[in-house]
Amino acid sequence: MNCHSCGTQLVSVITDLPFKLGKKRIVILKDLPVLQCENCGEYLLEDMVMAKIEDVLDHVDSSVELEILRYAA
Ligand SMILES: [Zn+2]
């Protein structure tokens, strides 16, 4: 798969990404497998990973403003 921005081939990397939920809440997911462009830094989440993230975010405690979770494949 190639980068949408510059067309460079994407590579699989493991990284940490923050996800904003509403105005105040942020969830940081650690050890997330993403496809990243080495040229411009753009990244892409695979559908399977995205679905899992949505599932994880659905179950986050809604009373905390910042939560750090580990993504488990
Ligand atoms: Zn790129």
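Attention here is on the structure that accompanies the text.

Criteria and cut-off values
Residues numbered from 1 in each chain as written. Predicted model: local features only at pLDDT ≥ 70, side-chain atom pairs only at ≥ 80, totals over all residues. Heavy atoms only, no water. Core = buried A, V, L, I, M, F, W, Y, C linked by side-chain atoms within 4.5 Å. Buried < 20%, exposed > 50% of the residue type's maximum accessible area, 1.4 Å probe, protein only. Helix = DSSP H or I, 4+ residues; strand = E, 2+ residues; numbered from the N terminus. Contact = heavy atoms within 4.5 Å. Donors = N, O, S within 2.8 Å, 3.2 Å for Na, K, Ca; no water. Pairing = 2+ DSSP bridges.

### Quick word on the nonpolar core
Counting 13 residues, the largest nonpolar core has Phe19, Leu32, Leu45, Ile53 and Leu57 as its most contacted members. Of all the secondary structure elements, the ones that give two or more residues to this core are strand E1 (10–21), strand E2 (25–37) and helix H1 (47–58). No other element matches the 4 residues that E2 contributes to this core. Filtering out sequence-adjacent residues up to four positions away, Leu57 remains in contact with Phe19, Leu21 and Val27.

### Section: the coordination of the zinc ion
Around the zinc ion, the protein contributes the donor atoms Cys3 (SG), Cys6 (SG), Cys37 (SG) and Cys40 (SG), which lie 2.3 to 2.4 Å from the metal centre. Of note, the donors binding the zinc ion are all from one chain and are spaced C-x2-C-x30-C-x2-C. Residue Cys3 is located in the segment before E1, and its partner Cys37 is located in strand E2; the two are separated by 34 residues in the primary sequence. The class of Cys37 is buried, set by a relative accessible area of 3%.

### A look at the pairing of E2
Of the strand pairs in this sheet, E1 and E2 are connected by 11 bridges, and their pairing is antiparallel. Note that in E2 the partner of Lys20 across the bridge is Ile26. Hairpin connection, E1 to E2: the antiparallel pair is bridged by 3 residues, and Gly22 has positive phi, about 70°. Pairing analysis gives 2 bridges linking E2 to strand E3 (residues 43–44), with the strands arranged antiparallel. Counterpart to Gln36 in the pairing with E3 is Tyr43. Counting the residues in the hairpin turn of E2 and E3 gives 5 residues, including Gly41, whose phi is positive at 90°.

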